[in-house]
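# Coordinates in review
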Amino acid sequence: MSAEKILVTGGCGFIGSCFVRTLHERFPDVEIVNLDVLTYAGNPENLEEIANSPRYRWVRGDVRQAESVDPLMAGADWVVHFAAESHVDRSTSERAGAFVDTNVYGTFTLLDSMRRLAPGARYLQIGTDEVYGDIPAPQLPDEEAMLSPSSPYSASKAGADHLALSFARTHDLDVMVSRCTNNYGPYQYPEKLIPLFITNALDSLPLPLYDGGGQIRDWLRVEDHCEALLLLLERGTRGEIYNVGANQAPERTNLEMTEMILAATGASPSLVEHRHGLRPGHDQRYAVSTEKIRRLGWSPRAEIERGVEETVRWYAEHRDWWEKIKSGAYREFYEAHYGRPASGA
Ligand code: NAD
Ligand code: TDX
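The rules behind each value
- Residues numbered from 1 in each chain as written.
- Chains lettered and ligands numbered in written order.
- Predicted model: local features only at pLDDT ≥ 70, side-chain atom pairs only at ≥ 80, totals over all residues.
- Heavy atoms only, no water.
- Near = heavy atom within 4 Å.
- Polar contact = N/O pair within 3.5 Å; in protein donor to acceptor, adjacent residues only side chain to side chain.
- Areas by Shrake-Rupley, 256 points an atom, 1.4 Å probe, with all protein chains shown as cover.
- Nonpolar A, V, L, I, M, F, W, Y, C, P; charged D, E, K, R; others polar.
- Buried < 20%, exposed > 50% of the residue type's maximum accessible area, 1.4 Å probe, protein only.
- Helix = DSSP H or I, 4+ residues; strand = E, 2+ residues; numbered from the N terminus.
- Pairing = 2+ DSSP bridges.
- Right-handed = clockwise from strand over helix to strand, strands pointing away.
- Salt bridge = Lys/Arg side-chain N within 4 Å of Asp/Glu carboxyl O.
- 1 Å grid on protein atoms, 1.4 Å probe; cavity = no way out; pocket = protein on both sides within 12 Å on 5 of 7 lines; lining within 4 Å.
- Points joined across faces, edges and corners; volume = space filled by probe spheres on them.
- Axes fitted to C-alpha atoms, helices over the stretch in contact; angles between N-to-C directions.
- Contact = heavy atoms within 4.5 Å.

## With respect to the site of ligand 2
If you check the shell around ligand 2, you find 23 residues, and the closest are Glu-130, Tyr-153, Arg-279, His-282 and Tyr-338. Tyr-153 is positioned with one of its side-chain polar atoms (N or O) 2.6 Å from an oxygen atom of ligand 2. Contact with the protein chains covers 94% of the free accessible surface of ligand 2, which is 660 Å². Residues that form the shell around ligand 2 fall into these classes: ten nonpolar, seven polar and six charged.

## Examining the pairing of strand β2 (residues 31–35)
Within β2, four of the five residues are buried, leaving the element largely enclosed by the surrounding structure. As judged from the five bridges shared by strand β1 (residues 5–9) and β2, these two strands associate in the parallel manner. Across the sheet, residue Thr-9 finds its bridge partner in β2, namely Leu-35. You can see the chain leave β1, run along helix α1 (residues 14–26) and come back into β2, and the turn it takes is right-handed. Sheet topology note: the β2/strand β3 (residues 56–59) ladder contains four bridges and is parallel. Bridge pairing in β3 links Ile-32 to Tyr-56.

## What to know about the pattern of salt bridges
Evaluation of the coordinates by the stated rule reveals 24 salt bridges. The partner of Arg-179 in a salt bridge is Asp-161, and the shortest N-O contact between them spans 2.8 Å. Taken together, the residues span a long stretch of sequence, with Arg-179 in strand β6 (residues 174–180) and Asp-161 in helix α5 (residues 152–171) at a distance of 18 residues.

## Remarks on empty space enclosed by the protein
Counted under the stated rule, the structure contains one cavity of 30 Å³ or more. What the largest cavity holds in volume is close to 60 Å³. Along its surface, the largest cavity is lined by Val-88, Glu-130, Ser-150, Ser-151, Arg-217, Arg-279, Pro-280, Gly-281, His-282, Asp-283 and Tyr-286. Here the residues of the lining of the largest cavity sort into three nonpolar, four polar and four charged.

## Some words on the site of ligand 1
By nearness alone, 29 residues border ligand 1, and Ile-15, Asp-36, Ser-86, Tyr-153 and Lys-157 come closest of all. Measuring from an oxygen atom of ligand 1, one finds a backbone N or O atom of Gly-13 at 3.0 Å. Within the side chain of Asp-62, one N or O atom sits 2.9 Å away from a nitrogen atom of ligand 1. Of all the elements in the fold, those that place two or more residues in the shell around ligand 1 are α1, β5 (122–128) and α5. Among the elements that take part in the shell around ligand 1, β5 stands out by supplying three residues, more than any other. Split into classes, the residues belonging to the shell around ligand 1 amount to 13 nonpolar, twelve polar and four charged.

## Side note on unusual backbone geometry
Each neighbour pair has its own omega, and for Ala-137 with Pro-138 the value is 5 degrees, a cis peptide bond. The residue Pro-138 is located in the loop between β5 and α5 in this model. Here the phi dihedral of Asp-211 falls at roughly 50 degrees; this positive angle occurs in a residue that is not glycine. Examined against the element boundaries, Asp-211 turns out to sit in the loop between β8 (207–210) and β9 (216–217). On the accessibility criterion, Asp-211 (25% relative accessible area) is partly exposed.

## Quick look at the sheet that holds β2
Strand order in this open sheet of seven strands is β3-β2-β1-β4-β5-β6-β11, and the pairing throughout is parallel. Pairing within the sheet leaves two strands with one partner each, and these edge strands are β3 and β11 (241–244). Along the sheet, successive strands turn relative to each other by an average axial angle of 20 degrees, direction set aside. Relative to the sheet, helix α7 (residues 222–235) contacts β4 (78–81), β5, β6 and β11, its axis offset from that of β5 by approximately 145 degrees.

## A word on the environment of Gly-13
With respect to the helices and strands, Gly-13 occurs in the loop between β1 and α1. Accessibility expressed as a relative area gives 14% for Gly-13, which makes it buried. Sequence separation between Gly-13 and Asp-89 is 76 residues, and the spatial gap between their C-alpha atoms is 17 Å. When sequence neighbours within four positions are dropped, the list of residues in contact with Gly-13 reads Asp-36, Ala-41 and Asn-46.

This is how it looks when you write it as structure tokens:
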């Protein structure tokens, strides 16, 4: 461990908050600064348990604004960039501009600040496997594969990856890019498939399964992702890209994931509601080769059935966390997108 100050962006979101909790637990001598503007997806409650720690500080500010980023950058040893617009369904509507703005320009602002104020820091760009696009089975793209993003979300993330790597080459910065598959676990905003279906199932509400449910995602527990990111910060090679994924065998379709959620919640299969046309350009399959990070010594620990059961238990025991979200501004997006109310409320 060679860092004394770590700047994390987007730490009030799903994966960022897991990463901050992990850092806080693992590194007792490190100062953690979390820059998060709190979009609809950001929630300081995700980090309530360390809110009063003298080693942790949340600063409400925008990664797109140098005046927010610069004061936090000085002295940073690691910069870990999670902040993003992250929901594909929101990027396929008129909301797409926010994705370009935050994911591309926000990444630029952060890198430019690091170039000026912390040129010796190690930077990790949190990317996604979606940049490789729709992958025919049984292919597993490695880090050299061509990028072929399908949605404005994944295109903006591909742009961010390229910017990060361009700063490594042009300005000789210590930059790495990770590209992870779909995460699941506690504190995930209930717009993504797993938390949406779990919370709807717990309330006996319909589960809107898109396009037949035959699509494949390589589900990874968020804690396993965070372990991979720590390993990269400690042992990764500068300038390199690393895929991260569970390599589920057998691969699971969305329908199979839905059945696991139904089994774990005890909800009725009749809740499944087949929907079409809600995800234009819907990718059939995501999958990546993870040989490179596995060679560094990482492998996922969580097994999927148990992971889903534990996740269901967490949402069942934390209704206060998600009921507040589902009765707030989230309702507007839900009603516009699915054409029905988000809850019985
Ligand atoms: P999330 O939507 O839960 O959280 C995003 C966080 O970023 C929020 O706290 C939000 O307030 C903050 N944020 C957004 N715009 C900001 C801005 N302009 N300035 C400061 N903060 C801002 O996202 P997540 O699911 O935790 O994803 C985190 C990162 O991981 C993203 O970069 C995403 O692309 C990537 N990723 C996610 C997954 C997944 O399955 N969720 C998989 C691979 C990669
Ligand atoms: O209501 C739904 N019904 C449904 O069938 C929703 C929200 C999703 N789906 C399907 C679409 C996808 O095939 O489930 C699959 C997963 O969808 P999401 O949870 O929205 O995730 P995905 O689009 O795969 O993207 C996620 O993983 C990669 C994250 O949102 C990204 O931030 C990450 O980069």
